[in-house]
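# What the coordinates show
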Amino acid sequence: LFLGNGPSGICLSYLLSGYVPYFKRDSLHPHSILQRKLEEAPDVSILDQDLEYLSEGLEGRSHSPMALLFDTLLRPDTDFGGTAESVLTWWHEANRAIPHLVLGKNPPGGAWHSIEGSMITLSRGEWMGLPDLPFKDWLRQKRRGLRNDRATAEDIAQYYQHYVMKKGLQKNFRCGTVVTSVRKVTTESISNHAQKDLQEGSDSLWTFNEENMEVFKVDGFFKNVEGDKEPFSIYAENVVLATGTYDRPTWLGVKGENLSYVHHQLSALEEAVKDGSISIMSDPVLVVGAGLTAADAILFAHYCNIPVIHAFRRRVNDPGLIFNQLPKVMYPEYHKVHQMMKEQTAACSGPYECYVSLPEHHVLSFGKDKKCILQDKSGYQKVYEISMALVLTGSNPNLSFLPNNGIDLAMDCDQPVNPKRNPIDVDPFTYECTQEKGLYALGPLAGDNFVRFVQGGALAVASSLLKKANKNPP
C-alpha cells in the first residue's frame, strides 16, 4: 500500500506491475566500472542484482547510492550535458507483479496538480521523466518544445497522468483519498468480518501467511462523486510513505500570523490579483523568504506591477542562498530576482520600480491594521503598511496519521521530520525504515528532493518487496 501518488508512487507502481529492467545488450555506459559490472550478469534483471555492488563508487548530485545508480542507468551522461540513451530495456513479466494500491488526494502526479500551471520547473524537463517514457518524447507529441530545457508545472502534471494511463497502472490508483491513521496491529486482533478495501466487489487484496503476525491498519476516507466522505480501513503487510513535503507550509511563529491577510501559499496572491482585491494601486505585498517559491511570488507580482517588500534573513551573497547555486544561463528569471535583491535595498534605490529588498530582516509581528513590524540585524525596527503578506519559507510533511507524527522514524528522533535537515532514517539499499520493519519511505521524506533522484528509492523498494514476496527468479 502506497500513501502518495506523486512521481515516487507512480514509479514504484510501474516497477511492481511486472515491468522489469534489464541491461540493454550492446549498449555502452560511459562509467567503465559500472559497464563492466553490468556485463557480468546481462540476463539477470537489475531488480535481482546486488544493488549495493552496482552502486559502489558512483558519484553525483545526490548522497543516495540508489538514486545515483538508477539515474545513471536512465540518463547516463546527463550531468555533462550529454544525451546518451538509457542503457536499460524493459520487459513486462506479469508473473512478477505484486498487488498494490496507491492512495492520493490529487490525481496521479500528487502535488504537481497544486502548483500554478505556468510555473517553470527548477530541474531540466528531461529530468522530470519516469522510466521508459521520456518526457521530451511526450512533449514532442504535443508539438511543444522545452523552454531553456525546462517545462511548466502544468506539462509535468499532465505527463504524470498520461504515464499512469499509458502504462496501464490506473487500476492501482485511488485518488481523492485521505489517510488519517497508520497503526501496527496483530492479525489475531482483526475481526473476522471482511475488511473494507477500496476495490469494489473484489477479493481481499491482502492475504496473511501467518496466524498471528503484525500488519499495518490504514484508516481514512475517500470522497465520492457527491462529495461525501466514505471511511475505509485497509490491512497491509507493507506500507510505503511517499507523501512528499508540500502539505504543511512553515510558519514563522510570530504574533498575528493567523490574521486573514497573512498567507503561506503563492496561490493566495494569484487569487487576489484575479479577483481584483490586490492591484497596482494597493499597498505593497510583503514576501518573506529567499527560496524559489518566494522568487516565483516576486516574479508574478513584478509581472502584474504589484509593489513588493521582500524580507529575508540571509545576506544577499550568502553561499547557502539557492540563487548563488544556480547557473545564470539556465535560470535567467531567478538570476533576475537575485539581481533585484542585491541592487534594490531600502538603503539604496535601484532601477526596479515597485520592489524593495530587506536582507537580514525578520518579522516581529503582524497587526490587525495590516501593519507589519520588521527588525534588521542591528535591532532597528520599522513599521510597514502592507496589503497582504506571503510567508514562503518552505514546507514540512504532514505525518499526523503516524504515531507521534512520525518523529520516532526520523534520523534525530527528538525533532520533527524535515526533508533537508531530518529525513526519515531508512536503509540506503532498501529504503525500509530502520525503526519500523514493513514501513518504507520514499522521495523527500527519505531526503531525495528531486524527481530524477526519487526513482532510485522506488527501485530499492521494489527489489526489497520482490524478495519478500519470493518473486525473484532463482
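Further up the page is the structure itself.
These remarks concern the structure in this document. Bear in mind the structure is a predicted one, so any value in this text is a computation, not a measurement.

Here we take up the sheet that holds strand 6 (residues 177-186). Here we have three strands laid out as an open sheet, ordered 6-7-8, and antiparallel in their pairing. Of all strands in the sheet, those with a lone pairing partner are strand 6 and strand 8 (229-236), marking the two edges. Across this sheet, the average inter-strand angle for adjacent strands is 20°, counted without regard to direction. For strand 7 (residues 214-223) and strand 8, the ladder comprises eight bridges, and the chain directions are antiparallel. Across the sheet, Phe216 pairs through a bridge with Ala236, a residue of strand 8.

On to the environment of Ala311, then. One can find Ala311 in strand 13 (residues 308-312). Taking relative accessible area as the criterion, Ala311 reaches 1% and is therefore assigned buried. Distance from Ala311 to Gly289, taken between C-alpha atoms, is 6.5 Å for residues 22 residues apart in sequence.

The bulk of non-glycine residues show a negative phi, and the bulk of peptide bonds are trans. The backbone of Lys370 shows a phi angle near 60°, a positive value even though the residue is not glycine. By the secondary structure assignment, Lys370 is in the loop between strand 15 (361-366) and strand 16 (371-376). Positive phi values are uncommon outside glycine, yet Tyr431 reaches one of about 65°. Structurally, Tyr431 is set in the loop between strand 19 (395-396) and strand 20 (439-441).

The subject of this paragraph is the packing of helix 8 (residues 292-303) against helix 9 (residues 332-343). Between helix 8 and helix 9, the least distance of the axes is 10 Å, while the angle of their chain directions is 85°. Between helix 8 and helix 9, the angle falls in the class roughly perpendicular. Counting all contacts with helix 8, which are made through Leu292, Ala295, Asp296, Ile298, Leu299 and His302, the residues of helix 9 involved are Glu333, Tyr334, Val337 and Met340. Looking at the contact of helix 8 with helix 9, its residues break down into seven nonpolar, one polar and two charged.

Here the structure, examined in full by the defined rule, presents 13 salt bridges. Between Asp219 and Lys217 there is a salt bridge whose closest N-O contact spans 3.1 Å. The buried category is assigned to Asp219, whose relative accessible area is 18%. Residue class for Lys217 comes out partly exposed when judged on its relative accessible area of 24%. Where Arg314 meets Asp318, a salt bridge forms, and the shortest distance between an N and an O atom there is 3.3 Å. Overall, the relative accessible area of 15% leaves Asp318 in the buried class. Here the salt bridges do not stand alone but share partners, grouping Asp48, Glu93 and Arg96 into one network.

For the rest of this paragraph, the subject is helix 9. A rise of 1.5 Å per residue sets the reference length of helix 9, with its 12 residues, at 16 Å; its end C-alpha atoms lie 16 Å apart and thus fit the reference within 8%. Regarding helix 9, the residues found buried are Glu333, Tyr334, Val337, His338, Met340 and Met341. The arc that holds the buried residues of helix 9, viewed along the axis, is 155°, so those residues lie on one side. Along its buried surface, helix 9 packs onto helix 8, strand 13 and strand 14 (355-359).

What counts and how
Residues numbered from 1 in each chain as written. Predicted model: local features only at pLDDT ≥ 70, side-chain atom pairs only at ≥ 80, totals over all residues. Heavy atoms only, no water. Pairing = 2+ DSSP bridges. Helix = DSSP H or I, 4+ residues; strand = E, 2+ residues; numbered from the N terminus. Axes fitted to C-alpha atoms, helices over the stretch in contact; angles between N-to-C directions. Buried < 20%, exposed > 50% of the residue type's maximum accessible area, 1.4 Å probe, protein only. Parallel < 35°, antiparallel > 145°, perpendicular 65-115°, else oblique. Contact = heavy atoms within 4.5 Å. Nonpolar A, V, L, I, M, F, W, Y, C, P; charged D, E, K, R; others polar. Salt bridge = Lys/Arg side-chain N within 4 Å of Asp/Glu carboxyl O. Expected span 1.5 Å × (residues − 1). Arc of directions from axis to C-beta.

Take it as geometry only, folks, not as evidence of what the structure does.
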